[in-house]
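Below, each chain spelled out in residue letters.
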Amino acid sequence: WVADIDAVRGFNKRTGAPVATVNLPGKPKFLNDIAVGADGIYITDSGFGKDAKGQFAHPGPDRIYHVGPGRKATVALQSDSLAAPNGITWVASRSHFVIVPFAGTSIEEWSPGEKAPKSIGSGPGQQDGVESLADGRLLVSSWTDSTLFVLDGGRAVTVAKPVPSPADIGVDTKRNRVAVPLLMENKVEFWDIPADSAGPR
């Protein structure tokens, strides 16, 4: 499943053949990231679009969409507090999502059905990608200071720099490394994920 600008598209992961398109209600503006939860897939809508002068802007609304059984699509959450939600990842051990904003610094957790997300820490800003690591830490990319950092106990700790224009990230658990697309440079870098000195939680 892939988040396109205004629709969700499914592809055969072995052949690449398109298999489905799911249109979402409410005229999504800028679908960004997608994650599989306990009851379907969830997609961030960062609310970006063009203003009256045709310039890139953030008119909103900021949303999280849900696509469930039968490919039924609904708005799961709409809130200004999402601050242009960008990356999203499911943390199965805690049965919640972690959402990172591009227009704010607060990193938030949210469970489906809750009316608002809750802050669990903060980053430098312009967060893009987020992944949950097996030891409980969160790995996040930030455009503000061109870093990859871990959120550990609510504190952002830089683990890679510089990583200019770091977009959504992907973790390779077999090799313990992370792929970081550098959007404005049209390339992907691979970084080793540092061990957690505190040990697993």
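Use the structure listed above.
Everything numeric in this text was worked out from a predicted model, so none of it was measured.

You can see Arg63 is positioned in strand β8 (residues 63-67). One buried charged residue, Arg63, remains without a salt bridge, the closest side chain of opposite sign being Asp45 at 4.6 Å.

What follows concerns the packing of aromatic side chains. Under the criterion given, the structure shown has 9 aromatic pairs. When the ring of Tyr42 is compared with that of Phe97, the centres are 4.6 Å apart and the planes differ by 50°; the resulting orientation is tilted. Linking Tyr42 in strand β5 (residues 40-45) with Phe97 in strand β11 (residues 96-101), this pair joins segments that are 55 residues apart in sequence. With respect to class, Tyr42 is no different from Phe97; both count as buried. A connected cluster of aromatic rings, assembled from ring pairs, spans Phe30, Phe48, Phe56, Phe102 and Trp143. We note Arg177 situated over the ring of Phe190; from NZ or CZ to the ring centre the distance is 4.7 Å.

Tracing the sequence through the fold places Glu109 in strand β12 (residues 106-110). The class of Glu109 is buried, set by a relative accessible area of 10%. At 3.2 Å, the side chain of Glu109 and the side chain of His96 are in polar contact. Residues contacting Glu109, with those up to four places away along its chain left out, are Arg94, His96, Phe97, Val98, Pro117, Lys118 and Ile120.

Right, let's talk about the layout of surface pockets for a bit. Take a probe with the size of a water molecule and roll it over the atoms, and the empty space left behind shows itself. Space inside the largest pocket adds up to approximately 320 Å³. If you go around the largest pocket, you meet 19 residues; those closest to its centre are Arg94, Ile120, Gly136, Arg137 and Leu138. Elements supplying a minimum of two residues to the lining of the largest pocket: β11 and β16 (147-152).

So, on to the sheet that holds strand β20 (residues 187-192). Spatially, the 3 strands line up as an open sheet ordered β18-β19-β20, and their pairing is antiparallel. Each of the sheet's edge strands pairs with one partner strand only, and the pair in question is β18 (170-172) and β20. Ignoring which end each strand starts from, the neighbouring axes of this sheet average 30° apart. As judged from the 6 bridges shared by strand β19 (residues 177-182) and β20, these two strands associate in the antiparallel manner. When the sheet's bridge partners are listed, Arg177 is paired in β20 with Asp192.

Tracing the backbone through its elements, the reader meets Lys118 in strand β13 (residues 118-122). According to the relative accessible area criterion, Lys118 is exposed, its value standing at 51%. Leave out the neighbours within four places in its chain, and Lys118 touches Ile107, Glu108 and Glu109.

The buried fraction of strand β10 (residues 85-91) amounts to 6 of the 7 residues, a majority that puts the element mostly inside the structure. Turn length for the β10-β11 hairpin, with the two strands adjacent in sequence and antiparallel, is 4 residues, and the turn residue Ser95 shows positive phi of about 50°.

Spatially, β4-β5-β8-β9 is the arrangement adopted by the 4 strands of the open sheet, whose pairing is antiparallel. Edge strands, defined here as strands with exactly one partner in the open sheet, are β4 (31-37) and β9 (73-78). Adjacent strand axes in the sheet meet at a mean angle of 25°, parallel and antiparallel pairs treated alike. Bridge count between β5 and β8: 5 bridges; the pairing is antiparallel. When the sheet's bridge partners are listed, Thr44 is paired in β8 with Ile64.

Here the focus is the pattern of salt bridges. Summed over the entire model, instances satisfying the criterion amount to 7 salt bridges. The shortest N-O distance in the salt bridge between Arg9 and Asp4 comes to 2.6 Å. A residue is classified by how much of its surface remains accessible, and Asp4, at 30% relative accessible area, is partly exposed. Residues Glu109 and Lys118 are paired through a salt bridge, measuring 3.1 Å at the closest nitrogen-oxygen approach.

Reading the values: rules and limits
- Residues numbered from 1 in each chain as written.
- Predicted model: local features only at pLDDT ≥ 70, side-chain atom pairs only at ≥ 80, totals over all residues.
- Heavy atoms only, no water.
- Helix = DSSP H or I, 4+ residues; strand = E, 2+ residues; numbered from the N terminus.
- Buried < 20%, exposed > 50% of the residue type's maximum accessible area, 1.4 Å probe, protein only.
- Lys, Arg positive; Asp, Glu negative; His and termini not counted.
- Salt bridge = Lys/Arg side-chain N within 4 Å of Asp/Glu carboxyl O.
- Phe/Tyr/Trp six-rings, centres within 6.5 Å; stacked < 30°, edge-to-face > 60°.
- Lys NZ or Arg CZ within 6 Å of the ring centre and 35° of its normal.
- Polar contact = N/O pair within 3.5 Å; in protein donor to acceptor, adjacent residues only side chain to side chain.
- Contact = heavy atoms within 4.5 Å.
- 1 Å grid on protein atoms, 1.4 Å probe; cavity = no way out; pocket = protein on both sides within 12 Å on 5 of 7 lines; lining within 4 Å.
- Points joined across faces, edges and corners; volume = space filled by probe spheres on them.
- Pairing = 2+ DSSP bridges.
- Axes fitted to C-alpha atoms, helices over the stretch in contact; angles between N-to-C directions.

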